[in-house]
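Observations on the model geometry
Spelled out from the first residue to the last, the chains are:
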Amino acid sequence: MRATHHLRQPSLSNAFPLTRRGVALGWVSPCQQEERAIPPKQQWRQLQAVPLPAALRDRLPRHASAIARAHRTMAAIVAGDAPSALFSTDRDSPFDLTTISTDDHDQQAIEKLYFQAWDGEAPLGEVWCKVSWLSFHDQDASLRFRFSFGTEGVEDVAADPARQRLAAELCQQLFPESAAVTDHPALLAQLQPILGLEKIAFVERIIYFNAPNGGALFHHDVEPGHAGVIYAQLSGRTFWLALSKQALMEEIMQFAAHRAIDFPLSNLADQLNQTEHPQLEAIIDHNPEFIHRLVSRGYGYMLNPGDLLLLAQRDEEECVWHSVFCLGDEPGEGLSFAMRESA
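All of the points below concern the structure found in this document.

Taken as a whole and judged by the stated rule, the model has 9 aromatic pairs. Summarising the aromatic geometry, the rings of F239 and F325 are spaced 5.9 Å apart at their centres and angled 45 degrees between planes, so their arrangement reads as tilted. With F239 in strand β12 (residues 237-244) and F325 in strand β15 (residues 320-327), this residue pair connects regions lying 86 residues apart in the sequence. For the pair shown, F239 and F325 are each scored as buried.

So this is what it looks like as structure tokens:
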């Protein structure tokens, strides 16, 4: 899963151009020599990304039809169909679609679908699926389907594990290929000692479709009450840069010093915490030489179908930051689930 970065196109058949939202950032290829592995539990504790190559590969055939259906759903939305016209629950489902809305405060949102959960005739609570574009770029068709509840960005979702569980169940119903992670006993047995959790709940779920020319800029996924995030590549390929916030800051400072970049470094942690930081983005998201540096330091990962990546978090200062690119000419489906101790 380790990668090599090339500033110029190499004469390799397995090299992919690294382009995101119209910005060309070099090429990547699989690393020919893997580094001696640090035990996953130690990587997790040290806030390193934890790659688990091919951990789901044996599970993909049984979920092939659901993955293909998800791709058709994604293609229909990109073509202009409303998500609410594509999602339906059967008569025996515990979920009823009750409300469809657009989010005036989020221009990337397409639709937000609210579902009432039931236990027989007893209401259990309302949860939602929000369908959004990943960017405003005309040639980036990347989508995400986020499952949660309450007021987005305000509510302490981890404080209500029952509704987190309901939102997770809705995700499992609309995207049954989620079971490749959640109903995988061997994987759960592997994850428990790494995370130090007796029983893992997969909550605050997101289904990603990273499309060509798309992906995500550097960010973290910290939410109080969660141990970290598991990302599973179900189809297509992605390239990741992933490292702790502290390591990222050290790389930024060394890069700026070596190239005599005039940049205020005294409050770097606070700058990263800001919603927008264009001066930093010019370095960490749009500079191919900085990407080359991170990959050469072992922070680059190529994910193929069946691969997993674990991203640890303690708080906003101790967490794994990551940046994502789509590789190849086809969109790919990925699962991004927060992990916590099951209530």
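Alright, that's what it looks like, and here's the rest.
The subject of this paragraph is the pairing of strand β9 (residues 200-210). Counting buried positions over the 11 residues of β9 gives 11, a clear majority of the element. As judged from the 4 bridges shared by strand β8 (residues 143-148) and β9, these two strands associate in the antiparallel manner. Within the sheet, the bridge partner assigned to R146 lies in β9 and is I206. When β9 meets strand β16 (residues 332-341), the two strands line up antiparallel, connected through 9 bridges. Within the sheet, the bridge partner assigned to I200 lies in β16 and is E341.

Time to look at the environment of D329. Take D329: it is sitting in the loop between β15 and β16. Measuring from C-alpha to C-alpha, the distance between D329 and I110 comes to 24 Å, with 219 residues separating the pair along the chain.

On to the nonpolar core, then. Side chains of a nonpolar character, in soluble globular proteins, are inclined to be buried together. F145, I230 and L310 are the most contacted members of the largest nonpolar core, which has 53 residues in total. If sequence neighbours within four positions are ignored, F145 has contacts with I77, F87, C129, K130, V131, F175, R205, I206, I207 and F209. Formed by 31 residues, the second largest nonpolar core is a distinct cluster that contains A3, F239, F263 and W321.

Our focus in this paragraph is unusual backbone geometry. In this structure, A54 takes a positive phi of about 60 degrees despite not being glycine. Its place among the elements puts A54 in the loop between β4 (50-52) and α2 (64-78). Accessibility expressed as a relative area gives 29% for A54, which makes it partly exposed.

So, about the packing of helix α7 (residues 245-258) against helix α10 (residues 288-296). The description of two packed helices rests on the angle between their axes and on the distance between the axes. Look at α7 against α10: their axes get within 11 Å of each other, and the N-to-C directions meet at 125 degrees. Considered as vectors, α7 and α10 are oriented oblique to each other. Remark: the crossing between α7 and α10 carries right-handed chirality. Packed against α7, whose contacting residues are L248, E251, I252, Q254, F255 and H258, the element α10 presents E289, F290, R293 and L294 at the interface. Of the residues contributing to the contact of α7 with α10, the split by class is 5 nonpolar, 2 polar and 3 charged.

For the rest of this paragraph, the subject is α10. Every buried residue belonging to α10 is among F290, I291, R293, L294 and V295, and all of these are buried. Capping the start of α10, N287 holds a side-chain oxygen 2.9 Å from the backbone nitrogen of E289, two or three residues further along. Following α10 by one or two positions, G298 has its phi on the positive side, about 90 degrees.

Attention now goes to the sheet that holds β12. Spatially, β10-β15-β12-β13 is the arrangement adopted by the 4 strands of the open sheet, whose pairing is antiparallel. The open sheet terminates on both sides in strands that have one partner only, identified here as β10 (215-219) and β13 (300-303). Averaged over neighbouring strand pairs, the angle between their axes works out to 20 degrees when direction is ignored. In this structure, β12 lies alongside β13, joined through 4 bridges in antiparallel fashion. Residue L241 lies in a different strand from β13, and its bridge partner there is G300. Where α10 meets the sheet, it contacts β10, β12, β13 and β15, and its direction lies at approximately 75 degrees from that of β12.

Scoring rules and cut-offs
Each chain carries its own residue numbering, running from 1 in the written order of its sequence. In keeping with the predicted nature of the model, local features appear solely for residues at pLDDT of at least 70, side-chain atom pairs appear and are counted solely at 80 or more, and the whole-chain, interface and lining totals rest on all residues. Only heavy atoms go into the side-chain values, all of them from the structure, while hydrogens and water stay out. Planes of paired rings set the category: under 30 degrees apart is stacked, over 60 is edge-to-face and the rest tilted, where pairs are Phe, Tyr or Trp rings (Trp by its six-membered ring) whose centres lie within 6.5 Å. What counts as a helix is a DSSP run of H or I of at least four residues, what counts as a strand is a run of E of at least two, and both are numbered from the N terminus. When accessible area is computed with a 1.4 Å probe and restricted to protein chains, residues below 20% of their type maximum are described as buried, those above 50% as exposed, and intermediate ones as partly exposed. Pairing between strands is defined by DSSP: at least two bridges between them are needed. By nonpolar core is meant a set of buried Ala, Val, Leu, Ile, Met, Phe, Trp, Tyr and Cys residues that side-chain atoms within 4.5 Å join together. Working rule for contacts: check all heavy atoms of both residues, and any pair within 4.5 Å makes them a contact. Every angle, taken between N-to-C directions, lies between 0 and 180 degrees, and every axis is a line fitted to C-alpha atoms, over only the stretch in contact when it is a helix. Orientation is classified from the angle alone, with under 35 degrees giving roughly parallel, over 145 giving roughly antiparallel, 65 to 115 giving roughly perpendicular, and any other angle giving oblique. It is the rotation of the near helix from the far one that decides the hand of a crossing: anticlockwise by less than a right angle makes it left-handed, clockwise makes it right-handed. The nonpolar class holds Ala, Val, Leu, Ile, Met, Phe, Trp, Tyr, Cys and Pro. Asp, Glu, Lys and Arg form the charged class, and all remaining residues, Gly among them, are polar. Within 3.5 Å is the distance limit for a polar contact, defined as a pair of N or O atoms, with the added protein rule that one can donate a hydrogen and the other accept it, and that residues adjacent in sequence qualify only through two side-chain atoms.

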